[in-house]
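Descriptive structure summary
If you want the building blocks of each chain, they are given just below.
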Amino acid sequence: LFRSDLGIMAFGNCEGFSSLTLGNQVTTIGAMAFNNCEGLKNNLFIPNSVTKIDIWAFRETNFASISIDNTPDAIDGAAWGWEWTDPDRTVTWLR
C-alpha cells in the first residue's frame, strides 16, 4: 500500500484480498480500515512507521498472527476485533 494514512473503512468489506503488505510509509491505520476483509489470512507484519492503530482496524479478518515492529504511540484496545474471542491467534510485539 502506498498511503501514509489508511482512513476509516479504507478497505472495509474488501473482497479478493488474501494477503496484505504494509509499506514503511504507512503511519496510521484508521478505524475499521480492513473491517470484514475475511480473505486476509497471511501473517501480518506492521512496520515501525505505524504510530496509530484505531478501533477494529482488523476486525473480521483471519490473520494467523500479527507482528508489530514498534510500539505505536496510540493503539485502540480493540484494534484487532478478536482479542477476547480467539485464543489461537497471536499478536507479537517485536520491540
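Small disclaimer: the values here were computed from a predicted structure and weren't measured.

Take the confidence of the model for the chain next. Averaged over every residue, the pLDDT of the chain is 80; the share at 70 or more is 76%. Averaged pLDDT values over the elements of the chain bottom out at 60 in strand E7 (residues 90-93) and peak at 92 in strand E2 (residues 28-29).

We now examine the state of the cysteines. Enumeration according to the criterion identifies one disulfide in this entry. Covalent S-S linkage joins Cys14 and Cys37, the inter-sulfur distance amounting to 2.1 Å. Here Cys37 lies in the loop between E2 and strand E3 (43-46) and Cys14 lies in the loop between strand E1 (5-6) and E2, a separation of 23 residues in the sequence. Considered together, Cys14 and Cys37 belong to a single accessibility category, that of buried residues.

This part takes up the environment of Gly12. Relative to the helices and strands, Gly12 is located in the loop between E1 and E2. A C-alpha to C-alpha distance of 6.1 Å links Gly12 and Asn36, two positions 24 residues apart in sequence. The contacts of Gly12, once residues within four sequence positions are left out, are Met32, Ala33 and Asn35.

Conventions used here
Residues numbered from 1 in each chain as written. Predicted model: local features only at pLDDT ≥ 70, side-chain atom pairs only at ≥ 80, totals over all residues. Heavy atoms only, no water. pLDDT = per-residue confidence, 0-100. Helix = DSSP H or I, 4+ residues; strand = E, 2+ residues; numbered from the N terminus. Disulfide = S-S within 2.5 Å. Buried < 20%, exposed > 50% of the residue type's maximum accessible area, 1.4 Å probe, protein only. Contact = heavy atoms within 4.5 Å.

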